[in-house]
Amino acid sequence: MPNPFKPAEVRHGARDSRPRGAASRSVASGTRAGARLARRQDADCLVLELAGPWTTMTVAAQDVALDGLVPNGARSARIDLAGLEAFDTAGALLVHRTTKQLAARGLEVELSGGLETHRGLIETVRSHDLDCPPPPPARSALTTLMERTGRSTYFVLDEALSLTNFLGHTVVVLVRSLLRPGRIRWTALINQMERTGLNAMPIVGLISFLIGVVLAYQGADQLKKFGAEIFTVNLVGVGVLREMAIMLTAIVVAGRSGSAFTAQIGTMKVNEEIDAMRTIGLDPMEVLVLPRVLALILVLPLLTFYADIMGLLGGAVMANWALDISFFQFARQFNVGVPVWSFWVGLIKAPVFAFIIAVVGCYEGFKVSISAESVGQRTTAAVVEAIFLVIVLDALFSIIFSILGI
Amino acid sequence: MNAATDTAPEATPDGLTAPPPAIEVRGLRTQFGPQVIHDDLDFQVEPGEIMGVVGGSGTGKSVLLRTIIGLIKPAAGRIAVLGQDTGRLRPADVRAMQRRWGVLFQDGALFSSLTVEQNIEVPLREHTRLRPQMRRQIAGLKIGLVGLPPDAANKYPAELSGGMRKRAGLARALALDPEILFLDEPTAGLDPIGANKFDGLVQELSRALGLTLVMVTHDLDSLHAICDRISVLIDKRVKVGTIDELMQLPDAWIQDYFRGPRGRAASASGERRLRHGEAHAGGLGVSKADTLNVGGEREDA
């Protein structure tokens, strides 16, 4: 039934311009009748006869044929549209392009035959066709390399500067709040401690336990060659307490909580929640950053202590199983062979790492721009930066401790 | 009202058999878990018409559109697009069907890693065997058709304004010369001038290319300016008609919608535009008066 709400001539025009019955038949049968083009020469006149469906789906071959058309000395040209069935903008574009190309060679071009709507479509195409500028050419690999190197160098320096800036800002807010503890948001603090500390216990515990097992096993394997199996205990003790427990905990927390900080603050940034806070008179540094930084500073040493115990437990279990060193022997050797400073060396690093992880996480969150995509990018950046900085700091600590002779 | 849309194919006055409706939905039921969005919904769009879909928040306007294009599976009912039952198509036929409709999502839904031109070329690359050169020419034409400047071709979506992104999305929807165009809130988020221009563009394109249009919209101005008929989603069903016909209905929501202050303002501006249109009537012009008259005659019959 034709739509009675539109004037008749327009309705028919629309339907005639693209016989839909024909199109749907070809779709249904799965075959695609091609656009046909016949060319002949009447004296000085080049005649192009278009037949069949000329649509986006069918014109591929004729596009090539028409583009390489040579007039062969003809003075004028006639494009005959009488045989056209379906016709759409791609077909019209080809007719328009061919007309333009032939005219550029000095031929007089006329259209003949075809329905009013075919000509209408060609006219629409003629009046809307654009010569878009070509995409900018790809530059040479060397230039690109240099540009990228320069850009990323600048980016790293810029990032380092503004991270330092943010770090200073955090310290100021931290000190100010500690002087007036009434301003600390205790609910948020406890909530963050639960999320970053308590909820991380299963994964931190499991990883530490397994690392204890691995250290004990590898140590035992080597030390057995000297008949010094008992020193496996020293290896596990010093290794876990000084480095392994704190490093693994820091890396897990950076991946778990540092990224969460970025994502949380970043999403709030996208939602304009941060701006809303500022207009209400809440300081995002106090409301968002401080609880997270404080929570992590309090929680990471606790997690590290827990990781120490789990790591030693793993080592003890392995020593018992593979080397027949009983738990009692393990404890005795541990007491003799591992200085208590090893424990403190590990634990002292925890608050520093915690501070860095939290600050980097929050900083990257604030760097999120108004797009969902940048939340993902910034989260990745936060984890990478936090882990990088944790390892750099760990190296610095090693140097300091070796100078101090601990 | 529903009887008007419930017509089987019949002979037109000039003796041709009528083409099947562009879209025919019968007894549609969509639900998410226990929540029923549409129940026993009938909906029909004739070829060449511009159909507006309105309804309160949460009545499932976008859901209806997404169900028709196959992004949401209906719980029951039959959907035929261009005479083919979409529920029973084989995968190859689904692809063929996808070539015959274009969809403009709310914010254009352009692929952010591609330039505007590359975005338009995606459907061409996927569905045709055209040369890269021809694809570029077609993309250039579509960019011109939707009224974007030539230098927009090499820009990325992030570099465009909201209105330009919608135009670029429209260009991509038009890439394969679809027969049906679905628009989801095409003027939402545009300023009134931009919205008017976009309405004009959509109307011009639908005439020039012989498109059938289904647009979900809240924009009363769009409804008055370009829609031939309007479907109102109420109580999990649709009520269809021209604005005048709908205003005769007693339904409270429809009355609030079209007779509220915004509705009256849009109607007034629609009439102004109509008089203006008559003054310049000619050529392609389909003046609103004709549309309404023909609608009225049909009701008498």
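Cut-offs applied
- Residues numbered from 1 in each chain as written.
- Chains lettered and ligands numbered in written order.
- Predicted model: local features only at pLDDT ≥ 70, side-chain atom pairs only at ≥ 80, totals over all residues.
- Heavy atoms only, no water.
- Pairing = 2+ DSSP bridges.
- Helix = DSSP H or I, 4+ residues; strand = E, 2+ residues; numbered from the N terminus.
- Axes fitted to C-alpha atoms, helices over the stretch in contact; angles between N-to-C directions.
- Contact = heavy atoms within 4.5 Å.
- Buried < 20%, exposed > 50% of the residue type's maximum accessible area, 1.4 Å probe, protein only.

Colleague: Mind showing me how you'd approach the sheet that holds strand S3 (residues 76-87) of chain A here?
Modeller: To summarise the sheet geometry, strands pair through backbone hydrogen bonds and adopt either a parallel or an antiparallel arrangement. Residue and element names in this part refer to chain A. Spatially, the four strands line up as an open sheet ordered S1-S2-S3-S4, and their pairing is mixed. The sheet is open, and its two borders are formed by strand S1 (36-42) and strand S4 (108-112), each paired with just one other strand. Adjacent strand axes in the sheet meet at a mean angle of 20°, parallel and antiparallel pairs treated alike. In terms of strand pairing, strand S2 (residues 45-54) meets S3 through eight bridges, oriented parallel. Looking across to S3, one finds that Val47 is bridged to Arg78. Along the sheet face, helix H4 (residues 89-104) touches S2, S3 and S4 and points at about 175° away from the line of S3. Across the sheet, helix H5 (residues 116-128) is in contact with S3 and S4; its angle to S3 comes to roughly 110°.

Colleague: Which parts of the structure should I look at to understand the environment of Thr379 of chain A?
Modeller: All names here are of chain A. Within the secondary structure layout, Thr379 lies in helix H14 (residues 372-404). The exposure class of Thr379 is buried, given its relative accessible area of 16%. A C-alpha to C-alpha distance of 9.1 Å links Thr379 and Val368, two positions eleven residues apart in sequence.

Colleague: Help me understand the sheet that holds strand S3 (residues 50-55) of chain B, please; the structure alone is not making it clear to me.
Modeller: All names here are of chain B. Strand order in the open sheet made by the six strands is S6-S7-S8-S3-S9-S10, with mixed pairing throughout. Unpaired on one side and paired on the other, strand S6 (101-104) and strand S10 (237-241) mark the two borders of the sheet. The sheet shows a mean angle of 20° between the axes of neighbouring strands, taken without regard to direction. Both strand S9 (residues 229-234) and S10 contribute to a ladder of five bridges, which runs antiparallel. Residue pairing in the sheet places Ile230 in a bridge with Gly241 of S10. Sheet contacts for helix H6 (residues 162-173): S6 and strand S7 (180-184); angle to S6, the most-contacted strand, approximately 165°.

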